[in-house]
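Below, each chain spelled out in residue letters.
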Amino acid sequence: MYLRHTRRRKDGKTHVYWQLVRSVRRGRKVVQQTVAQLGELDGEGRARAEALARSMAGRASESWQGQLFDSREPTGSVAIKLNRVRLERSRSFGAVWLSWILWQALKFDELLGALLPRGREAVSWADVIAILVIGRLCEPSSELHVAERWYRTTALEDLLGVQSQSVYEERLYRALDRLLPHKQAIEAHLVKRLGELFELDYDLLLYDVTSTYFEGVADVAIAKRGYSRRSPSGLRAGEYRSGGYP
């Protein structure tokens, strides 16, 4: 939601009229819809309009999008030669921005900063792990793909302040080795943080046993021979599937 102005000449004078506008998706198109006609506004009036827009859009609009309104008087139009406009180094923004906001909402940046304090390395391990996780969320691929292509095509460089030349596969390969010793601390933090965000009480724990199996002599009352994902031919001799599935 934002302010938009139009100019009209009346009685030999130029008048500036303001509208409160929002973007609305209609099918495949995004159109601008006027929410309110605000008329002519001075600086104080525009400040009130800003506060109104933020209250209608929610506090996140103020926190993360920054200053959306220009408090200066409009200075007129600027001529643009469309045939000389070109696009350079386009980068995806929305998915990585949302992922980074979720990462911070879960306070993983604070947790990893404490678990893996910065040393002499140019890029902290906390930032390297954030790049890996956001990459898995936005475009699941290998560490090599992240380093050679994906990272430089996104706006993470601006969000994290990590230059693309500092993201290389060898560093990404070693990141999980740094993370593994802190597995229990990360799990405990995630449980605690989800409880804080959604006011959850953990009275029941559910876990997936779809791919669980055991080998050896089994009590047929609790297990039967079944299908193993480890090979197309099924289970090996003496291998049983838990849960009683055929």
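Check the entry above for the structure.
Residues numbered from 1 in each chain as written. Predicted model: local features only at pLDDT ≥ 70, side-chain atom pairs only at ≥ 80, totals over all residues. Heavy atoms only, no water.

Caption draft 1: Representation of the overall build of the protein in the model. On a plain count of helices and strands, the protein comes out with nine helices and six strands. Across the protein, the fraction of contacts at a sequence separation of at least 24, relative to all contacts at a separation of at least 6, is 46%. Split by element, the accessible area of the protein, about 18000 Å² in all, is 53% carbon and sulfur. (Helix = DSSP H or I, 4+ residues; strand = E, 2+ residues; numbered from the N terminus. Contact = heavy atoms within 4.5 Å. Areas by Shrake-Rupley, 256 points an atom, 1.4 Å probe, with all protein chains shown as cover.)

Caption draft 2: Fine view of the packing of helix H3 (residues 94-105) against helix H5 (residues 125-138). Packing of H3 against H5 leaves a shortest axis separation of 10 Å and a crossing angle of 125°. One finds that H3 runs oblique with respect to H5. In this structure, H3 crosses over H5, and the sense of that crossing is right-handed. On the side of H3, the interface is formed by Ala95, Val96, Ser99, Trp100 and Trp103, while H5 contributes Ile129, Ala130, Val133, Ile134, Leu137 and Cys138. (Axes fitted to C-alpha atoms, helices over the stretch in contact; angles between N-to-C directions. Parallel < 35°, antiparallel > 145°, perpendicular 65-115°, else oblique. Left-handed = near helix turned anticlockwise from the far one by under 90°.)

Caption draft 3: Local environment of the sheet that holds strand E1 (residues 2-10). Reading across the sheet, the three strands line up as E1-E2-E3 and stay open at both edges, with antiparallel pairing between neighbours. Strands with a single pairing partner mark the edges of an open sheet, and in this sheet they are E1 and strand E3 (29-39). Across the sheet, the mean angle separating the axes of adjacent strands is 40° when strand polarity is ignored. As paired strands, E1 and strand E2 (residues 13-26) are joined by nine bridges and run antiparallel to one another. Bridging across to E2, Arg8 finds its partner in His15. (Pairing = 2+ DSSP bridges.)

Caption draft 4: Representation of the side chain of Glu157 within the structure. Note on placement: Glu157 falls in helix H7 (residues 156-160). Other than its neighbours up to four places away in sequence, Glu157 contacts Arg89, Arg91, Tyr151, Val162, Gln163 and Ser164.

Caption draft 5: The arrangement of the pattern of salt bridges in detail. Scanning the model with the defined rule gives seven salt bridges in all. When the shortest N-O distance is used, the salt bridge between Arg91 and Asp158 registers 2.8 Å. Taken together, the residues span a long stretch of sequence, with Arg91 in the loop between helix H2 (59-64) and H3 and Asp158 in helix H7 at a distance of 67 residues. Assessed through its relative accessible area of 52%, Asp158 is described here as exposed. Each of Lys192, Arg193 and Glu196 takes part in salt bridges that share partners, so that together they form one network. (Salt bridge = Lys/Arg side-chain N within 4 Å of Asp/Glu carboxyl O. Buried < 20%, exposed > 50% of the residue type's maximum accessible area, 1.4 Å probe, protein only.)

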